[in-house]
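What follows is the residue order along each chain.
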Amino acid sequence: MSEKKPLWQTLPIAGILLEPKSSLKYKTGDWRGPFTPKINQEKCTRCLLCWIYCPDGAIERVGDGVRINLDYCKGCGICVSECPVKAITMERL
Amino acid sequence: MAKVIGLTGDEAVAYAIKQCNVDVVAAYPITPQTVIVEAFSEYVFNGEVDTEFVCVESEHSAMSACVGASLTGARVFTATASQGLALMHEILYIASSLRCPIVMGVVNRALSAPINIHGDHSDMMGSRDCGWIQIYAENVQEAYDWTIQAFKIAEDKEVLLPVTVNLDGFILSHSIEGIKVLEDEDVASFLPPREPVYTIDPNNPITVGALALPNYYFEFKVQQDHALRNSFKAMGKVFSEYEELSGRKYDVLHTYGMEDAEIALICLGSTAGTARYVAKRLREKGVKVGVLKPWVYRPFPEKEIVEAVKEVKALAVMDRACSFGAPYAPLGSDIASILYKSGLDIPVVNYVYGLGGRDVSPLDLEAVVNEILEVAKTGEIKEHLKFLGVR
């Protein structure tokens with residue numbers, strides 16, 4: 001929180017971001033509450049519906065399967081409700 | 001020799017746009033602005049310009065398309081009035097905060113209800129805090145001249161802000177005046193193609209319109225305010241260059257008779273002409289009346305107005321818009337504020353006049369002058385805010 005932020009004179013105009021992909025630095029996983037999604041890899045059929053539905057792109061494809069990138073997962077649980085074989089569950093960590 | 005042609009206010013704006021090498025026009029028709037885009041669409045149809053003309057389904061879409069086009073580096077124009085400007089309101093703020101140098105003709109018209117198509121400044125005053133440079137033309141010649149200068153001011157790298165050129169609905173938009181127009185090549189040399197600072201370019205990706213939370217948003221607003229206030233500097237350069245080209249000298253404030261004025265009238269737009277006519281006649285009888293016309297309303301020419309009025313004994317501020325429930329109407333508020341800031345104790349009477357296009361005659365303004373002379377003599381203000389000519 002004590003990070004020194006630039007003055008108005010030195011910021012690019014209009015809030016333009018000149019460097020692409022800067023949102024990667026913003027770890028929205030901090031927003032997640034006590035519940036975290038967990039994938040049961042044995043039940044998972046690799047249908048990729050969770051990967052499609054995740055509004056934050058926090059589900060990543062690894063090989064032919066998926067994993068959850070907790071740096072960006074806000075814990076909304078949409079993957080849990082969309083998984084047709086109930087391979088994802090919300091668990092209190 | 002300057003070419004003189006007869007054009008209405010709307011046609012003059014369209015003629016100026018034809019000469020300004022505009023890349024994109026996205027507009028939606030609304031009385032009394034319709035003729036601008038109608039006349040311009042004929043230029044497009046006839047192949048006299050290579051402008052991309054976008055017919056949109058609303059003013060909200062018109063301004064949105066303009067913002068998108070401007071971000072690609074295009075020179076962009078649109079025009080609207082009244083309800084149309086009100087519908088654009090949301091996007092006006094986005095245009096100025098994304099620093100899009102769009103030029104827009106606003107043909108001032110009353111806001112509903114009751115529905116009314118005639119001229120007053122309620123539309124622009126309703127959006128006066130939108131962060132645009134706001135210019136008011138007095139006559140058709142000025143509407144033409146300001147439109148050309150507006151692009152140069154807007155696109156200056158120190159400014160990068162959109163500009164509205166306001167002209168009074170019907171009084172200017174539909175009145176034919178003989179105006180001096182520039183040669184196409186002179187406008188082209190005055191206004192070379194836009195050189196954008198940042199553009200949307202797939203080979204050089206940038207992010208525009210990202211989120212800024214409480215820890216960043218405020219800084220961008222201060223940047224914007226600074227750019228608007230600072231735009232006077234660019235205007236000075238543009239005025240000199242335009243004078244050289246056209247022989248017509250513009251400024252942020254026009255004054256008449258202020259060297260020895262005891263009282264003065266301040267007004268925007270076409271009423272300034274009537275006010276000067278009245279002042280001239282009264283001055284022949286020895287009444288020392290001056291007239292101030294802020295050509296540029298935002299940023300507000302504080303320094304120039306204070307300098308011009310510091311010796312007067314009373315002021316009439318004429319507003320063609322009502323600020324419901326406020327201490328003064330918009331221009332009245334601004335004048336009262338700058339007098340307070342500069343420590344000038346000059347009595348002010350704020351007149352709201354001409355709403356819904358009600359005519360203001362020389363006799364009406366003469367009555368105002370007489371009231372202000374009385375205020376100057378007695379130092380007493382009976383009513384701070386008056387509604388001129390209302391039954």
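Not measured: the values here are computed from a predicted model. (Residues numbered from 1 in each chain as written. Chains lettered and ligands numbered in written order. Predicted model: local features only at pLDDT ≥ 70, side-chain atom pairs only at ≥ 80, totals over all residues. Heavy atoms only, no water.)

1. So, the overall build of chain B
Logical step 1: Counting its secondary structure elements, chain B contains 12 helices and 15 strands.
Logical step 2: Taken over C-alpha atoms, the radius of gyration comes to 21 Å for chain B, in line with the 21 Å a tight globule of 391 residues would show.
Logical step 3: Seen through its C-alpha atoms, chain B measures out along the principal axes to roughly 70 × 55 × 45 Å.
Logical step 4: Across the 391 residues of chain B, 54% fall into the buried class.
Logical step 5: A separation of at least 24 residues holds for 81% of the contacts in chain B among residues at least 6 apart in sequence.
Logical step 6: Summed over its atoms, the accessible surface of chain B is roughly 16500 Å², and 53% of this surface lies on carbon and sulfur atoms.
Logical step 7: Counting 34 positive and 52 negative side-chain charges, chain B places the centres of these two groups 6 Å from one another. (Helix = DSSP H or I, 4+ residues; strand = E, 2+ residues; numbered from the N terminus. Rg over C-alpha atoms; globule rule 2.2 N^0.38 Å. Buried < 20%, exposed > 50% of the residue type's maximum accessible area, 1.4 Å probe, protein only. Contact = heavy atoms within 4.5 Å. Areas by Shrake-Rupley, 256 points an atom, 1.4 Å probe, with all protein chains shown as cover. Lys, Arg positive; Asp, Glu negative; His and termini not counted. Charge placed at Lys NZ, Arg CZ, Asp CG, Glu CD.)

2. Points about the sheet that holds strand β12 (residues 296-298) of chain B
Neighbouring strands of a sheet are bound in pairs by backbone hydrogen bonds; such pairs are parallel or else antiparallel.
All names here are of chain B.
Logical step 1: The strand order across the open sheet formed by 7 strands is β3-β2-β4-β5-β7-β6-β12, and the pairing between neighbours is mixed. Each edge of the open sheet is held by one strand with a lone partner, namely β3 (52-55) and β12. Ignoring strand direction, the axes of neighbouring strands in this sheet form an average angle of 20°.
Logical step 2: In this structure, strand β2 (residues 24-27) lies alongside strand β4 (residues 76-80), joined through 2 bridges in parallel fashion. When the bridges of β4 are listed, Val25 appears paired with Phe77.
Logical step 3: Each of β2, β4, β5 (103-108) and β7 (163-168) touches helix α1 (residues 9-19); the most contacted strand, β7, lies at about 150° to it. (Pairing = 2+ DSSP bridges. Axes fitted to C-alpha atoms, helices over the stretch in contact; angles between N-to-C directions.)

3. A look at the packing of helix α6 (residues 140-155) of chain B against helix α8 (residues 217-246) of chain B
A pair of packed helices can be characterised by two numbers: the angle between their axes and the separation between those axes.
All names here are of chain B.
Logical step 1: Between α6 and α8, the shortest axis-to-axis distance is 10 Å and the interhelical angle comes to 130°. Judged by the inter-axis angle, α6 sits oblique to α8. Between α6 and α8 the crossing geometry is right-handed. Residues Tyr144, Asp145, Trp146, Ile148, Gln149, Lys152 and Ile153 of α6 pack against Met235, Val238, Phe239, Glu241 and Tyr242 of α8.
Logical step 2: Within the contact of α6 with α8, the residues separate by chemical class into 8 nonpolar, 1 polar and 3 charged. (Parallel < 35°, antiparallel > 145°, perpendicular 65-115°, else oblique. Left-handed = near helix turned anticlockwise from the far one by under 90°. Nonpolar A, V, L, I, M, F, W, Y, C, P; charged D, E, K, R; others polar.)

4. Quick look at the environment of Ala16 of chain B
Residues and elements named next belong to chain B.
Logical step 1: When you line up the elements, Ala16 lands in helix α1.
Logical step 2: Through-space distance from the C-alpha of Ala16 to that of Cys100 is 20 Å; in sequence the pair is 84 residues apart.
Logical step 3: Setting aside its immediate chain neighbours within four residues, Ala16 contacts Tyr144, Thr147 and Ile148.

5. Observations regarding unusual backbone geometry
Residue and element names in this part refer to chain B.
Logical step 1: Cis geometry is adopted by the peptide bond preceding Pro32, which originates at Thr31 and carries an omega value of -5°.
Logical step 2: Within the secondary structure, Pro32 sits in the loop between β2 and α2 (34-45).
Logical step 3: You will see that Arg99, though not glycine, has its phi angle at about 60°, which is positive.
Logical step 4: With respect to the helices and strands, the residue Arg99 is situated in the loop between α4 (82-97) and β5.
Logical step 5: Given the relative accessible area of 9%, Arg99 is considered buried.
Logical step 6: If you check the backbone angles, Phe170 has positive phi at about 65° while not being a glycine.
Logical step 7: The topology assignment puts Phe170 in the loop between β7 and β8 (176-181).

6. Some details on the interface of chain B and chain A
Logical step 1: Taken together, the contacts link 18 residues of chain B with 14 residues of chain A.
Logical step 2: Both faces considered, chain B and chain A share a buried interface measuring about 1600 Å² in area, 72% of it formed by carbon and sulfur atoms.
Logical step 3: Looking only at chain B, the three residues that lose the most surface to chain A are Tyr198, Tyr216 and Gln223 of chain B, adding up to 32% of its buried area.
Logical step 4: For the pair chain B and chain A, the number of links is 3 residue pairs in polar contact (both at pLDDT 80 or more).
Logical step 5: Here the side of chain B that touches chain A takes 5 residues from α8 of chain B, the largest share from any one element. (Buried area = accessible area lost by both parts, 1.4 Å probe. Polar contact = N/O pair within 3.5 Å; in protein donor to acceptor, adjacent residues only side chain to side chain.)

7. Side note on the layout of surface pockets
Logical step 1: Its volume calculated, the largest pocket comes out at about 1500 Å³.
Logical step 2: Looking at the largest pocket, it is lined by 41 residues, and the ones nearest its centre are Leu17 of chain A together with Ala210, Leu211, Ala212 and Tyr216 of chain B.
Logical step 3: For the lining of the largest pocket, the elements supplying multiple residues, two or more each, are α4 and α8 of chain B.
Logical step 4: Among the residues making up the lining of the largest pocket, the classes are represented as 23 nonpolar, 10 polar and 8 charged.
Logical step 5: Put simply, the second largest pocket is a space of about 440 Å³. (1 Å grid on protein atoms, 1.4 Å probe; cavity = no way out; pocket = protein on both sides within 12 Å on 5 of 7 lines; lining within 4 Å. Points joined across faces, edges and corners; volume = space filled by probe spheres on them.)

8. Comments concerning the domain arrangement of chain B
All names here are of chain B.
Logical step 1: Looking at the assigned domains, one finds that chain B contains domain 1 (2-246) and domain 2 (253-387).
Logical step 2: Here the C-alpha centroids of domain 1 and domain 2 sit 28 Å apart.
Logical step 3: Across the boundary between the two partners, domain 1 contributes 26 residues, which contact 24 residues of domain 2.
Logical step 4: Both sides of the domain 1 and domain 2 interface together cover about 2100 Å² of buried area, and 59% of this is carbon and sulfur.
Logical step 5: Its largest share of buried area at the contact with domain 2, domain 1 owes to Arg128, Tyr136 and Glu138, together 29% of the area lost on that side.
Logical step 6: Summed over the shared surface of domain 1 and domain 2, the result is 3 salt bridges.
Logical step 7: Among the ionic pairs, Lys293 bridges to Glu142, the shortest N-O distance being 2.7 Å.
Logical step 8: Those elements that provide at least two residues to the side of domain 1 that touches domain 2 are α5 (122-126), β6 (133-136), α6 and α8. (Domains from an automatic or database assignment. Salt bridge = Lys/Arg side-chain N within 4 Å of Asp/Glu carboxyl O.)

9. Considerations on the pattern of salt bridges
Residue and element names in this part refer to chain B.
Logical step 1: With the rule as written, the count across this model stands at 23 salt bridges over all chains.
Logical step 2: Across the salt bridge formed by Lys293 and Glu138, the nearest N and O atoms sit 2.6 Å from each other. Of the two residues, Lys293 sits in strand β11 (residues 289-294) while Glu138 sits in the loop between β6 and α6, which places them 155 residues apart along the sequence. Taken as a pair, Lys293 and Glu138 share a single burial class, namely buried.
Logical step 3: A salt bridge links Glu383 to Lys386, with the shortest nitrogen-to-oxygen separation between them at 4.0 Å.
Logical step 4: A residue is classified by how much of its surface remains accessible, and Glu383, at 45% relative accessible area, is partly exposed.
Logical step 5: Since its relative accessible area comes to 21%, Lys386 is described here as partly exposed.

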